[in-house]
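Structural description and commentary
Now for the letters of each chain:
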Amino acid sequence: MPEQEILRNYINGKWTHSKQKDALEVKNPAFDEIISSVPLTTNNEVSAAIEDANKAFSEWRRTPVVKRIQYLFKFKDLLENNLDDIARTITRESGKTFAESQGELRRAIENVEVACGAPILSQGYNNEDIANGIDEMMIRQPLGVTAIISPFNFPAMIPFWFMPYAIVTGNTCIVKPSERVPNTMDKIFKLVDQLDLPPGVLNMVHGDQQVAETLIQNPLVQSISFVGSTHVAKKVYANAAAHGKRVQASGGAKNPLIILPDADPEMTSKIVIDSAFGCAGQRCLAASIAITVGDAKNKFRDALCDQANSLKVGYGLDQGVQMGPVISNTSKNRIHSLIDEGKKEGVTVTIDGRNPGGDLKNGYFIKPTILEDINPSHKLAKTEIFGPVLSLMHVKTVNDAIEIINNGQYGNMACLFTSSGSAARKFRYEANAGNIGINIGVAAPMAFFPFGGWKDSFFGDLHGQGRNAFEFFTRQKVVIERWPNVWSRKF
Ligand code: NAD
């Protein structure tokens, strides 16, 4: 592939080509067409980028926070002004619809806005006269070089759970986008280039697992913010901890939505279907299992199937399209085989969206798929599918449903649909998940709340976004000062 079509890294304020000529193809999943290629940056180049970021740290941490936020104000303006252009790139490489891409960018921008609250959000506290003439205070200081490793499904939003907070608190930062969707960050870093940040403050290196591991293992990198699948999150958590790093690692999910018989009929089925099939089911907060309780099965089953069948599937930039393809052929085949395995276990494929044909035959499309006769012991009930497949399960009581949730491996999100306040309260109290929705299908926290799950959906303590991110990207220093004879001295 000619050099100009291979994406470049952004290191120390400059666009640079990797010396490594091996590059991975990036495809538009709606057509199986190559749109660019992404370099597998070498270890030496990544290490040099880390050294540049480390050099930039000493000046950047001295830059007053009121000045640092000015860069974010400018960044917000640039992102707003280029929103549709970036959204088109997200759609082209990730397959989601244009409206979903716009929504994703809005969420990214919200994090820039929240990070502009840094002067207040990174405040410490102090106590005067803890003893005669002695004061004690806690101040927050930045860590140094920070690194972000992100997944394919939200190429714009997820780096923003961390990036604005990392730099506004005085750290320097290196972003490694997912090798499957690198064009979005390429677009966004063209805006970063216009910010006139001091070189080395914000950098981007492309590549796969190897680049991520170099970032994790380099002693100059102080913290790792990772989002991706659980098996990788676990490895990243262990690897980063073994290298003495601060780490936050978000993993996969298997989100259940519980429907009680008293749930609002129209709103509920629409919201459940949006949750299951929005972004083609490739959201870490996508509904994967809808559990009807008691009579709810009779009330909601047909409505859910009708809603699923009514979705218009196609290329996300085409008018009226409500659902796009999955990210890759590998992903499509993996989902096909999971459904086949489910059939062997006795699962019924009520709506089979595989191999849709027609205009969709070249892309990695699976139309909305609904499964029934599934129980918690089936593989399909335990495995993250990460595609447009919704399993319908049925139980007798809310307690049965909560038991299924709490026995599950993951704990990213659990939702309840009801008109009963006491059922909602019980659910909120008892369900073991980091994000709870009551009559909400995608309980995605706003930028001023922490974003993260429980159990195998998150490894670490402090999450991305908001105050948690400020705490993650700063360390506390407690200072005790004695100034004797202050009152008796003449000044
Ligand atoms: P993935 O785990 O395959 O890749 C994520 C990132 O990790 C990529 O940048 C990849 O290059 C890098 N990587 C791969 N192997 C690595 C290794 N051994 N060490 C270090 N880095 C490595 O994930 P994906 O397929 O891109 O994303 C989908 C997954 O992400 C799903 O499981 C989804 O649930 C999850 N996700 C979770 C959240 C959340 O908030 N919990 C949000 C979005 C996505």
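Quick look at the structure, then.

Cut-offs used in this document
- Residues numbered from 1 in each chain as written.
- Predicted model: local features only at pLDDT ≥ 70, side-chain atom pairs only at ≥ 80, totals over all residues.
- Heavy atoms only, no water.
- Salt bridge = Lys/Arg side-chain N within 4 Å of Asp/Glu carboxyl O.
- Helix = DSSP H or I, 4+ residues; strand = E, 2+ residues; numbered from the N terminus.
- Buried < 20%, exposed > 50% of the residue type's maximum accessible area, 1.4 Å probe, protein only.
- Pairing = 2+ DSSP bridges.
- Axes fitted to C-alpha atoms, helices over the stretch in contact; angles between N-to-C directions.
- Near = heavy atom within 4 Å.
- Polar contact = N/O pair within 3.5 Å; in protein donor to acceptor, adjacent residues only side chain to side chain.
- Areas by Shrake-Rupley, 256 points an atom, 1.4 Å probe, with all protein chains shown as cover.
- Nonpolar A, V, L, I, M, F, W, Y, C, P; charged D, E, K, R; others polar.
- Contact = heavy atoms within 4.5 Å.
- Core = buried A, V, L, I, M, F, W, Y, C linked by side-chain atoms within 4.5 Å.
- Domains from an automatic or database assignment.
- Phe/Tyr/Trp six-rings, centres within 6.5 Å; stacked < 30°, edge-to-face > 60°.

Further remarks concern the pattern of salt bridges. Under the defined criterion, the tally for this structure stands at 17 salt bridges. The residue Lys76 makes a salt bridge to Glu80 at a minimum N-O spacing of 2.9 Å. One end of the pair is Lys76 and the other is Glu80, both in helix α2 (residues 65-81) and four residues apart, which spans about a single turn. Classification of Lys76 by relative accessible area gives partly exposed; the value is 21%. Overall, Glu80 belongs to the partly exposed group, its relative accessible area being 25%. A salt bridge links Arg301 to Asp302, with the shortest nitrogen-to-oxygen separation between them at 2.8 Å. Note on Arg301: relative accessible area 27%, which makes it partly exposed.

To continue, consider the sheet that holds strand β6 (residues 134-142). Across the sheet, which stays open at both edges, the three strands sit in the order β5-β6-β22 with antiparallel pairing between neighbours. Looking at strand neighbours, the two that pair on one side only are β5 (125-131) and β22 (474-482), the edges of this open sheet. Adjacent strand axes in the sheet meet at a mean angle of 25 degrees, parallel and antiparallel pairs treated alike.

What follows is about the site of the ligand. The immediate surroundings of the ligand are formed by 31 residues, with Ser150, Glu179, Arg180, Ser229 and Glu384 found nearest. The side chain of Lys176 places a nitrogen or oxygen atom 3.0 Å from an oxygen atom of the ligand. Out of a free accessible area of 860 Å², the ligand has 92% covered by protein chains. When residues of the shell around the ligand are traced back to their parent elements, those giving at least two are α9 (209-217), β10 (221-227) and α10 (230-242). The greatest single-element share of the shell around the ligand, amounting to three residues, is contributed by α9. Considering only residue class, the shell around the ligand consists of 14 nonpolar, eleven polar and six charged.

We now examine the environment of Glu25. Position of Glu25 relative to the elements: it lies in strand β3 (residues 23-28). Excluding anything up to four places from it in sequence, Glu25 contacts Ile34, Ser36 and Ser37.

A few words on the nonpolar core. As a rule of thumb, nonpolar side chains are buried together in soluble globular proteins. The biggest cluster of nonpolar side chains holds 119 residues, and the ones touching the most others in it are Phe75, Phe189 and Leu390. Counting residues domain by domain, this core receives three or more from each of domain 1 (9-251 + 457-478) and domain 2 (255-438). Setting aside its immediate chain neighbours within four residues, Phe189 contacts Tyr10, Trp15, Met163, Val175, Leu202, Asn203 and Met204. Among the nonpolar cores identified, the runner-up in size contains 23 residues, and Ile50, Val145, Ala249 and Phe459 belong to it.

Further remarks concern the packing of aromatic side chains. A complete count under the given rule lists twelve aromatic pairs for this structure. With a centroid separation of 5.7 Å and 55 degrees between ring planes, the pair formed by Tyr10 and Phe189 is classed as tilted. Placement of Tyr10 in strand β1 (residues 9-11) and of Phe189 in helix α8 (residues 182-192) is noted, with a sequence separation of 179 residues between them. Residue class for Phe189 comes out buried when judged on its relative accessible area of 0%. Ring plane angle 40 degrees and centroid distance 6.1 Å describe the contact between Tyr237 and Phe459, whose orientation is recorded as tilted.

None of this, on its own, says anything about what the molecule does.
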